[in-house]
Amino acid sequence: MLTDSHLHLQRAQDPIGYICAAVAEGITRFALQCVSLNDANELLFLKKELGEQICVFIGCHPQLAWDFDICRFEELLRSPFITGIGECGLDKRPQILAQSSWESQCTVLQLQLAAAYDLDMPVSLHCVKAHNDMLNTLRIFCPRSGARAQLRFCLHGVSCSDELFRQYYDLGAYFGVGPAILRSDGVLLARLKKFYPFIKHRLLLESDADSRAPDPKIYSRLLNALARALYIPAGELSAQFAANWKEFVPDDLPLISSAF
Ligand SMILES: [Zn+2]
């Protein structure tokens with residue numbers, strides 16, 4: 001039961017064809033991520049079509065924080081067909097800040113994390129050039145001790161430095177391993193190799209590649225590249241990724257219903 005933890009199926013030309021091709025590659029579950037809340041209807045429709053293979057995350061990417069509709073968000077949270085919150089996050093690139101101010105990004109992220117914390121839902125996080133702000137925000141929801149639950153979150157498209165890796169790890173982060181590991185001249189693969197003994201229980205597989213259409217061939221390329229770097233069989237790595245998803249989303253039970 002291998003899961004794609006971060007997929008924008010709404011970007012595929014033929015979403016159902018994509019799922020069929022990905023199943024042939026050994027992926028059996030797909031965590032569909034919103035970019036904006038306007039994607040939610042399409043993702044819920046795909047869940048209705050494809051059933052238990054699909055889990056839907058609702059959220060708002062920082063680029064679209066300016067367009068976040070709190071009423072719509074709260075309405076969607078009441079759906080029994082929502083598994084998690086995503087993607088959401090912070091992004092300090094100038095072209096993103098030109099669309100969504102820093103203040104709006106922070107406000108919208110906090111609203112989404114608070115909902116995830118209160119409802120005990122997993123979160124898929126996007127972060128570019130804003131890691132210290134992100135870590136400070138996460139610390140509100142990830143107390144190190146005490147009786148309160150921790151926020152469950154996955155830093156998707158992981159590509160940060162050793163020191164940031166450690167800080168996220170200390171907050172209980174999961175890390176989304178995606179196409180960036182194939183594009184980093186081996187830097188990311190070397191980092192994952194170094195940390196693998198410590199973080200192997202925190203790695204999730206993902207297909208997300210910025211704004212490009214997803215490619216179902218990516219899964220075997222990712223697994224083979226990482227397995228080669230780690231000197232372990234790709235099957236062993238797949239089993240680890242599958243077990244990690246069950247830890248990240250323990251209540252991701254098959255839900256069979258036609259009532260949407
Ligand atoms: Zn994404």
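Up top is the structure.
Residues numbered from 1 in each chain as written. Predicted model: local features only at pLDDT ≥ 70, side-chain atom pairs only at ≥ 80, totals over all residues. Heavy atoms only, no water.

Chemist: Sorry, what's going on with the coordination of the zinc ion here?
Modeler: Octahedral metal centres with six donors ideally show angles of 90 or 180 degrees, and tetrahedral centres with four donors ideally show 109.5 degrees. Donor atoms from the polypeptide that bind the zinc ion are His6 (NE2), His8 (NE2), Glu87 (OE) and Asp208 (OD), placed at 2.0 to 2.5 Å. Metal-centred angles of 85 to 153° between the 4 donor atoms at the zinc ion mark the site as irregular. Taken in chain order, the donor set of the zinc ion reads H-x1-H-x78-E-x120-D. Here His6 is found in strand 1 (residues 2–7), whereas its partner Glu87 is found in strand 4 (residues 82–91), with 81 residues between them in sequence. (Donors = N, O, S within 2.8 Å, 3.2 Å for Na, K, Ca; no water. Tetrahedral: all angles 85-135°; square planar, octahedral: opposite > 155°, others 65-115°. Helix = DSSP H or I, 4+ residues; strand = E, 2+ residues; numbered from the N terminus.)

Chemist: In this structure, what is going on with the pairing of strand 5 (residues 123–128)? I would like to understand it.
Modeler: Every other side chain in a regular strand lies on the same face of the sheet, so the side chains alternate between the two faces. For strand 5, a buried count of 5 out of 6 residues is recorded, marking the element as mostly surrounded by other parts of the structure. Relative to strand 5, strand 4 runs parallel, the two being bridged by 5 bridges. Counted as the bridge partner of Asp91 is Val128 from strand 5. Pairing of strand 5 with strand 6 (residues 153–155) involves 3 bridges; the strand directions are parallel. Bridge assignment links Ser124 to a residue of strand 6, and that residue is Cys154. (Buried < 20%, exposed > 50% of the residue type's maximum accessible area, 1.4 Å probe, protein only. Pairing = 2+ DSSP bridges.)

Chemist: Whenever I open this one, the side chain of Lys47 confuses me. Can you help?
Modeler: Its place among the elements puts Lys47 in helix 2 (residues 40–50). Polar side-chain contacts of Lys47 include one of 2.8 Å to the backbone oxygen of Ile54. (Polar contact = N/O pair within 3.5 Å; in protein donor to acceptor, adjacent residues only side chain to side chain.)

Chemist: So what exactly am I meant to see when it comes to the state of the cysteines here?
Modeler: Inspection of the entire model under this criterion finds 0 disulfides. Between Cys20, a free cysteine, and Cys55, which holds the nearest cysteine sulfur, the sulfur-to-sulfur gap is 17 Å. Counting only cysteine sulfurs, Cys127 is the nearest neighbor of Cys106, a cysteine outside any disulfide, at a range of 10 Å. The class for Cys106 is partly exposed, based on a relative accessible area of 25%. (Disulfide = S-S within 2.5 Å.)

Chemist: Please explain the side chain of Thr3 as it appears in this structure.
Modeler: Tracing the chain through its elements places Thr3 in strand 1. Judged by its relative accessible area of 5%, Thr3 falls in the buried class. What Thr3 contacts, discounting residues up to four positions off in sequence, is Ile27, Arg29, Phe30, Ala31, Leu205 and Trp245. (Contact = heavy atoms within 4.5 Å.)

Chemist: How do you make sense of the packing of aromatic side chains when you look at a structure like this?
Modeler: Aromatic ring pairs are described here by two measures, namely the spacing of the ring centres and the angle between the planes. Within this structure, the stated rule accounts for 6 aromatic pairs. Note on Phe165 and Phe175: the rings are 4.6 Å apart at their centroids and 40° apart in plane angle, and the pair reads as tilted. On the criterion of sequence distance, the pair formed by Phe165 in helix 7 (residues 162–170) and Phe175 in strand 7 (residues 174–177) is long-range, its members being 10 residues apart. Take Phe165 and Phe175: they sit in the same class, and that class is buried. A centroid spacing of 5.0 Å and a plane angle of 35° characterise the contact between Phe165 and Phe195, whose relative ring orientation is tilted. Taken together, the residues span a long stretch of sequence, with Phe165 in helix 7 and Phe195 in helix 8 (residues 187–199) at a distance of 30 residues. An aromatic cluster is defined as three or more aromatic residues linked by ring pairs; in this entry it consists of Phe165, Phe175 and Phe195. The positively charged end of Arg202 is found above the aromatic ring belonging to Tyr169, 4.2 Å away from the centroid. (Phe/Tyr/Trp six-rings, centres within 6.5 Å; stacked < 30°, edge-to-face > 60°. Lys NZ or Arg CZ within 6 Å of the ring centre and 35° of its normal.)

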